[in-house]
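# Examination of the molecular architecture
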Amino acid sequence: MLDLHSHIVPEIDDGSVSLEVTKDMLINAYNEGTRCICATSHYISGDFQIQKEIYDEKFLSVSKLGEEIGIQVVKGLEVYLTPNLLELYKEGKIWCINEKNYMLIELPMREIPLYTEDVLYNLRLCGVTPIIAHPERNFKIANNLDVLKDLLEQGNLAQINAGSLTGLYGSAIKETALKLVEKNMIHFIGSDAHNNGNRDTSISSGINQIKKINQDLFLWIVDNEEKILSGEGVYPLEIKNEKKKGFLSRLFKK
Ligand SMILES: [Fe+2]
């Protein structure tokens, strides 16, 4: 399986604190059935801007460790949504998964900024497909799934955190995560691992949840993860709408 989201590169963000920890994270990932992991370090324009050269150098050691353990490690970033993403991309300051054309983008937790659709649209015009990181953790989306539905129908994709499906972030986020899986509203799974403790690289329980709830979606994920790495286009499953209640059930509703 592919783990699309991890902070496995050491000493670069709030993720792994050393190459030793990275090694433990990779071993755990291997034991969890992960065979490819994206090293998606945080990038926050104006606040936390990783230099490409420093990332590349650290990535190399992680990639070598991965090879020894049996996991392919690919480049990536978790880019925080700001209005200037297209400029940053054109300037080579931010990059996509495996340096192809899918970009993991983090929305603010409490809101959907007014410029969200425009920024994502402009990236798509430039051939970059945004993947929204853990939408189940965004308050606006949790309160109204149509907010995410609109973004997906515009051509964006979404990645769910495995931990959201197992209750790591609480029951409310778990409930939202399960609904997103039921409705085909996510396309990839990631550990969002930050360490080898409470935020580790485990994804198998989350994957099993997806398999149990929505077998078609599980098969879609397996079929399409390779395409993200090679930059090929994907064709998401149709979003399932709320089942409309029949006249009789509405009439006899308690
Ligand atoms: Fe993350």
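The text that follows walks through the structure, step by step, so that each part is easy to find.

About the criteria used
- Residues numbered from 1 in each chain as written.
- Predicted model: local features only at pLDDT ≥ 70, side-chain atom pairs only at ≥ 80, totals over all residues.
- Heavy atoms only, no water.
- Donors = N, O, S within 2.8 Å, 3.2 Å for Na, K, Ca; no water.
- Tetrahedral: all angles 85-135°; square planar, octahedral: opposite > 155°, others 65-115°.
- Bend = angle between axes of the 7 residues up to and from the residue.
- Helix = DSSP H or I, 4+ residues; strand = E, 2+ residues; numbered from the N terminus.
- Buried < 20%, exposed > 50% of the residue type's maximum accessible area, 1.4 Å probe, protein only.
- Phe/Tyr/Trp six-rings, centres within 6.5 Å; stacked < 30°, edge-to-face > 60°.
- Lys NZ or Arg CZ within 6 Å of the ring centre and 35° of its normal.
- Core = buried A, V, L, I, M, F, W, Y, C linked by side-chain atoms within 4.5 Å.
- Contact = heavy atoms within 4.5 Å.
- Pairing = 2+ DSSP bridges.
- Right-handed = clockwise from strand over helix to strand, strands pointing away.

Quick look at the coordination of the iron ion now. At 2.1 to 2.2 Å from the iron ion lie its protein donor atoms, namely His 5 (NE2), His 7 (NE2), Glu 78 (OE) and Asp 192 (OD). One can describe the site at the iron ion as irregular: its 4 donor atoms subtend angles covering 82 to 172 degrees at the metal.

Attention now goes to helix α10 (residues 215-230). The periodicity of an α-helix, 3.6 residues per turn, causes residues three or four places apart in sequence to face the same way. The sharpest bend along α10 comes to roughly 35 degrees, located at Asn 224. Where α10 is concerned, the buried positions are Leu 217, Phe 218, Trp 220, Ile 221, Asn 224, Glu 225, Ile 228 and Leu 229. Backbone geometry just downstream of α10 places Gly 231 in the positive-phi region, at approximately 85 degrees.

For the structure shown, the criterion picks out 3 aromatic pairs. Ring geometry for Tyr 55 against Phe 59: centres 6.0 Å apart, planes inclined by 20 degrees, an arrangement best described as stacked. Linking Tyr 55 with Phe 59, this pair stays in helix α2 (residues 52-69), spanning 4 residues, or about one helical turn. Tyr 55 gets classed as buried once you look at its relative accessible area, which sits at 0%. Plain terms: the ring middles of Phe 188 and Trp 220 are 6.1 Å apart, the flat faces sit at 55 degrees to each other, and that makes the pair tilted. In this pair, Phe 188 is assigned in strand β7 (residues 188-190) and Trp 220 in helix α10, connecting sequence segments 32 residues apart. Each member of the pair, Phe 188 as well as Trp 220, is classed as buried. Connected via pairs of aromatic rings, a cluster forms that spans Tyr 55, Phe 59 and Trp 95. The side chain of Lys 52 reaches across the aromatic face of Trp 95, ending 4.9 Å from its centre.

With that out of the way, let us pick up the nonpolar core. Leu 4, Leu 26, Leu 85, Ile 97, Ile 186 and Ile 210 are the most contacted members of the largest nonpolar core, which totals 74 residues. When residues no more than four places from it in sequence are discounted, the contact partners of Ile 210 are Ile 160, Leu 165, Val 181, Ile 186, Ile 189, Gln 215, Leu 217, Phe 218 and Ile 221.

Consecutive side chains of a regular strand alternate in pointing toward one face of the sheet and then the other. The buried fraction of strand β1 (residues 2-6) amounts to 5 of the 5 residues, a majority that puts the element mostly inside the structure. Pairing of β1 with strand β2 (residues 36-43) involves 3 bridges; the strand directions are parallel. If you follow Ser 6 over to β2, its bridge partner there is Ala 39. Handedness of the crossover joining β1 and β2 through helix α1 (residues 19-31) is recorded here as right-handed.

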